[in-house]
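Reading the structure
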Amino acid sequence: MTDTLSLRRPDDMHLHLRDGAMLEAVLPETARHFARAIIMPNLVPPVVTARDAAAYRDRIMAALPDGMTFEPLMTLYLTEATDPGDVAAAHASGLIKAVKLYPAGATTNSQSGVRDFDKVRGVLETMAEIGLPLCVHGEVTASEVDIFDREAVFIERVLDPVRRGTPGLRVVMEHITTEEGVAYARAGGDDLGATITTHHLVINRNHILAGGIKPHYYCLPVAKREKHRLALREAATSGEPRFFLGTDSAPHADHLKEHACGCAGCFTATNTLSILAHVFEEENALDRLEAFTSLNGAAFYRLAPNDARIRLTKGPAIDYPAKIETGAGPVTVFDPGFPLNWKVED
Ligand SMILES: NC(=O)N[C@@H](CC(=O)O)C(=O)O
Ligand SMILES: [Zn+2]
Ligand SMILES: [Zn+2]
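Conventions we followed
Residues numbered from 1 in each chain as written. Chains lettered and ligands numbered in written order. Predicted model: local features only at pLDDT ≥ 70, side-chain atom pairs only at ≥ 80, totals over all residues. Near = placed C-beta within 6 Å. Nonpolar A, V, L, I, M, F, W, Y, C, P; charged D, E, K, R; others polar. Pairing = 2+ DSSP bridges. Helix = DSSP H or I, 4+ residues; strand = E, 2+ residues; numbered from the N terminus. Axes fitted to C-alpha atoms, helices over the stretch in contact; angles between N-to-C directions. Contact = placed C-beta atoms within 7 Å. UniProt positions renumbered as here; feature names shortened; annotations may be inferred. Buried ≥ 20, exposed ≤ 12 C-beta atoms within 10 Å, placed from the backbone. Left-handed = near helix turned anticlockwise from the far one by under 90°.

A short note on the site of ligand 1
Around ligand 1 lies a shell formed by H16, N42, T107, T108, H137, C219, L220, D248, A250, A264 and G265. Grouping the constituent residues of the shell around ligand 1 by class yields 4 nonpolar, 6 polar and 1 charged.

Let's talk about the sheet that holds strand β10 (residues 309-314)
The antiparallel open sheet is built from 3 strands, whose spatial order is β1-β10-β13. The open sheet is flanked by β1 (4-8) and β13 (342-344), the only strands paired with a single partner. With direction set aside, neighbouring strand axes in the sheet form an average angle of 25 degrees. Of the pairings in the sheet, the one linking β10 to β13 comprises 3 bridges and is antiparallel in character. Bridge pairing links L312 to V344 in β13. Contacting β1, β10 and β13, helix α10 (residues 272-282) runs over the sheet at an angle of about 145 degrees to β13.

Some details on the UniProt feature "binding site: Zn(2+) 1" (unreviewed entry) in the protein
UniProt's entry tags H14, H16, K100 and D248 with the feature "binding site: Zn(2+) 1" (unreviewed entry), counted in the numbering of this structure. Over a stretch of 235 residues, the named residues converge on one spot in the fold, their C-alpha atoms separated by at most 13.2 Å. Among the secondary structure elements, H14 is positioned in strand β2 (residues 11-15). Accessibility expressed as a C-beta count within 10 Å gives 27 for H14, which makes it buried. Leaving out residues up to four positions away in the same chain, H14 has contacts with I38, M40, E174, H175, T195, G246, T247 and D248. Overall, K100 belongs to the buried group, with 26 C-beta atoms counted inside 10 Å. When near neighbours in sequence (up to four residues on either side) are disregarded, K100 contacts M40, P41, T75, L76, Y77, L78 and C135.

Overview of the environment of V26
Tracing the chain through its elements places V26 in helix α1 (residues 20-31). The class for V26 is buried, based on 25 C-beta atoms found within 10 Å. C-alpha of V26 to C-alpha of Y102: the two residues are 76 residues apart in sequence and 23 Å apart in space. Setting aside chain neighbours within four positions, we find V26 in contact with L17, R18, P251, A269 and T326.

Remarks on the packing of α1 against helix α2 (residues 50-63)
Here α1 crosses α2 at 65 degrees, and the two axes come no closer than 9 Å. Relative to α2, α1 is oriented so that their crossing is right-handed. Within the contact between the two elements, α1 uses L23, E24 and L27 and α2 uses R59, I60 and A63. Of the residues contributing to the contact of α1 with α2, the split by class is 4 nonpolar, no polar and 2 charged.

Take a look at the structure:
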């Protein structure tokens, strides 16, 4: 029986660090275990220009506690006014690793996102030329589309036409939640990747709604029915290069989650690796955990994998905080609903 695991230091290819007091509190939770992360740009106001991204990167590095190392991989928030020249320059200088597409109104702080895809055609064409990935929040926003169908409908109505209209565009389907998402990612070539979150491997929609509403399990895309969770577990543990970890760890202060109109997002940075080891062990796939957390994402982003390693050991249930304190209020740590026996060693 395996009770020790050594992995190359992981990368989180979809992370929300926020800003200010929240950034200060959540950054160490990620930097403790992860070497790098793709940093989501949905601040208020969003990170739209190269200048915004450089300033945000500096604030992240200033918030990093002494003695910790971490490399933020910056992204730009795509708007209908984004300048292709600014994007190309930010890529050429090494400042940004991706551009993020939020359909306007799809999720937290997406109101500056894209409504009319014709308006971003020039940027997408530039990105295809220079090989810069587009990270996509893949949900339609049409009010008549059922929230549980919004990902599958997006693939058909938006993602597939955009990809066909911009040959060579490299795309990451972010936080996929459905068997349709898994199948579409699999049908693509090397220019298509997909992130899978920790929480979508653990919860289905019953966790949110059965026996009382559980706001800390509410995120977007919303967790779907059990067959979709099983499809995600199969994909994540398959070792296939197109699937990699993007935790989408998305902190919101408790008073904004436990609210009549609660925010979407699960905060998983603190215990993600312990949960993933548990899930991969259940699927008899511990030998493929490193591909998911540390190799596949780096390869997609054309980065060398990290040289440093982390070690996990299996033992008595670990302790982790139910909440972390932040200057913006307490933030609840995702509760997987089972004890965690895999511990990341210091
Ligand atoms: N995933 C979420 O539920 N929330 C994210 C936004 C996002 O990634 O869609 C957030 O910024 O809070
Ligand atoms: Zn999203
Ligand atoms: Zn996100």
